[in-house]
Amino acid sequence: MNALSIHDPLFLVPFLTGLLLSAVLPLLGMYLRLREEWLAALAFAQLAAAGSLAAAIRELPVLLGSFGAAGLAAAAKSWLSRSGNNGYALLMVGAWGAAVLMLANAPFADHLGHALFDGQLYFTATAHLWSVAGFSALAVAALRWLSRKLLLERMFPDFFRASGLSPRRYHLMFDLLVASGIAVATATIGVMAAFSLVFVPSMIAWQWGRSWRTALAVSMATGVASYAAAFELALHYDQPFGPVLVLCMVAMAVLSWVAGLIRR
């Protein structure tokens, strides 16, 4: 058993980096769930991973490939959304297939592949923290401006159109924001861990939130609490972080479901 813990100064930067992501990604997940597009987050994550691998093979910056691939997906999202979650599912499995083939034909990228799918949070440096902090500040500011427009367009589409507002530019801005967040998170905590922070907290908040603001708070609190528990458990038992976080998220979802049954 490993005696390392969350209080070790060696892990302060990785902890803070993931903590910011655990607070911001659940907020993005709420708006994706509002629009019934939560599967898009997993598609973006898989595509960001494939883009990172392609960039590494071409000896380009990994984050450049991650942002580029996720950004292209965001730009095409309005077209993909016409087929509902089917388009996102096809994008997801296509990106997965491309990533596996790249790993099979470029053995030197195997280490990066494991990092992208399992997460490499413990190896993040100060530069990662500042990148995530910058994105988090941008995301919070952008959501404060976009929130009312996204809610109006979803809940009162006729009023939104009667006001002469076009939803396309707001959708594109939000999609690019999601793609950027997923790209950063995939490079830091891995594909499934990033998706779980988008998907599970919003699912729980949808059940327990009495209002939109309350649901946002529940979603953020769920993400942060699950992340803190996973970080401590993964260090204490010397386990990879990504799978531990996903299992903590699943445990939170089960507890939420049981509590819902008891309440009823």
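On a predicted model such as this, the values are computed, not experimentally measured, just so you know.

Asks: Is there a simple way to explain the environment of Ala99 in this structure?
Replies: Along the chain, Ala99 falls in helix H5 (residues 85–105). When its relative accessible area of 0% is taken as the criterion, Ala99 is described as buried. The spatial distance from the C-alpha of Ala99 to the C-alpha of Ala49 is 7.2 Å, given a sequence separation of 50 residues.

Asks: What am I meant to see in a nonpolar patch on the surface here?
Replies: On the surface, a nonpolar cluster with roughly 570 Å² of combined accessible area is contributed by Val250, Val254, Trp257, Val258, Leu261 and Ile262. Mapping Leu261 onto the fold places it in helix H12 (residues 241–263). Using a relative accessible area of 41% as the deciding quantity, one classes Leu261 as partly exposed.

Asks: Explain helix H7 (residues 126–155) here, please?
Replies: Residues that lie three or four places apart on an α-helix share one face, since the helix turns once every 3.6 residues. Taking 1.5 Å per residue, 30 residues should reach 44 Å; H7 reaches 41 Å between its end C-alpha atoms and fits that length. Among all positions in H7, only Leu129, Val132, Phe135, Ser136, Ala139, Leu143, Leu146, Ser147, Lys149, Leu150, Leu152 and Glu153 are buried. For H7, the secondary structure elements touched by its buried residues are helix H1 (12–34), helix H8 (157–162), helix H9 (167–189) and helix H11 (212–236).

Asks: Would you mind showing me how to read unusual backbone geometry here?
Replies: Most peptide bonds take the trans form, and the phi angle of most residues other than glycine is negative. Unlike most non-glycine residues, Glu36 shows phi in positive territory, near 60°. Checked against the element boundaries, Glu36 lands in the loop between H1 and helix H2 (39–57). Positive phi, normally seen in glycine, also occurs at Asp238, with a value near 55°. Along the chain, the position of Asp238 falls in the loop between H11 and H12.

Asks: Quick question: what am I supposed to make of the packing of aromatic side chains here?
Replies: The geometry of an aromatic ring pair is captured by the separation of the ring centres together with the interplanar angle, meaning the angle of the planes. On inspection of all chains with the given rule, the structure shows 10 aromatic pairs. Grouped by ring-pair contacts, the aromatic residues Phe15, Tyr227, Phe231 and Phe241 constitute a single cluster. Here the guanidinium or amino end of Lys149 rests over the ring plane of Trp145, the centre of that ring lying 4.4 Å away.

Asks: Looking at this structure, I do not really get the environment of Ala179. What am I missing?
Replies: With respect to the helices and strands, the residue Ala179 is situated in helix H9. A relative accessible area of 3% means that Ala179 is categorised as buried. Measuring from C-alpha to C-alpha, the distance between Ala179 and Ala73 comes to 7.7 Å, with 106 residues separating the pair along the chain. If near-sequence neighbours (up to four positions away) are discounted, Ala179 is found in contact with Phe44, Ala70, Gly71 and Ala74.

Conventions we followed
Position labels on residues start from 1 in each chain and follow its written sequence. Note on the predicted model: pLDDT of at least 70 is required for a residue's local features to be given, and 80 or more for side-chain atom pairs to be given and counted; whole-chain, interface and lining totals, by contrast, use all residues. Think of the side-chain values as coming from all heavy atoms in the structure, minus any hydrogens and water. Per the convention used, a helix needs a DSSP run of H or I reaching at least four residues, while a strand needs a run of E reaching at least two, with both numbered from the N terminus. The buried label applies to any residue whose accessible area, calculated with a 1.4 Å probe on protein chains only, is under 20% of its type's maximum; exposed applies above 50%, and partly exposed to all values in between. Nonpolar side chains (Val, Leu, Ile, Met, Phe, Trp, Tyr) are joined into patches within 5 Å and like charges within 9 Å, using only residues with over 30% relative accessible area and no salt bridge. Per-residue and other accessible areas were derived by the Shrake-Rupley procedure at a 1.4 Å probe size, with only the shown protein chains allowed to occlude residues. Here, a salt bridge means any side-chain nitrogen of Lys or Arg that lies within 4 Å of a carboxyl oxygen of Asp or Glu. One less than the number of residues in a helix, times 1.5 Å, gives the span that helix is expected to have. Whether two residues are in contact is decided by their heavy atoms: any pair within 4.5 Å suffices. Only centres within 6.5 Å qualify two rings of Phe, Tyr or Trp (six-membered ring in Trp) as a pair; their planes then separate them into stacked at under 30 degrees, edge-to-face at over 60, and tilted for everything else. A positively charged side chain is recorded as over a ring if its NZ (Lys) or CZ (Arg) lies within 6 Å of the ring centre. The angle to the ring normal must also be within 35 degrees.

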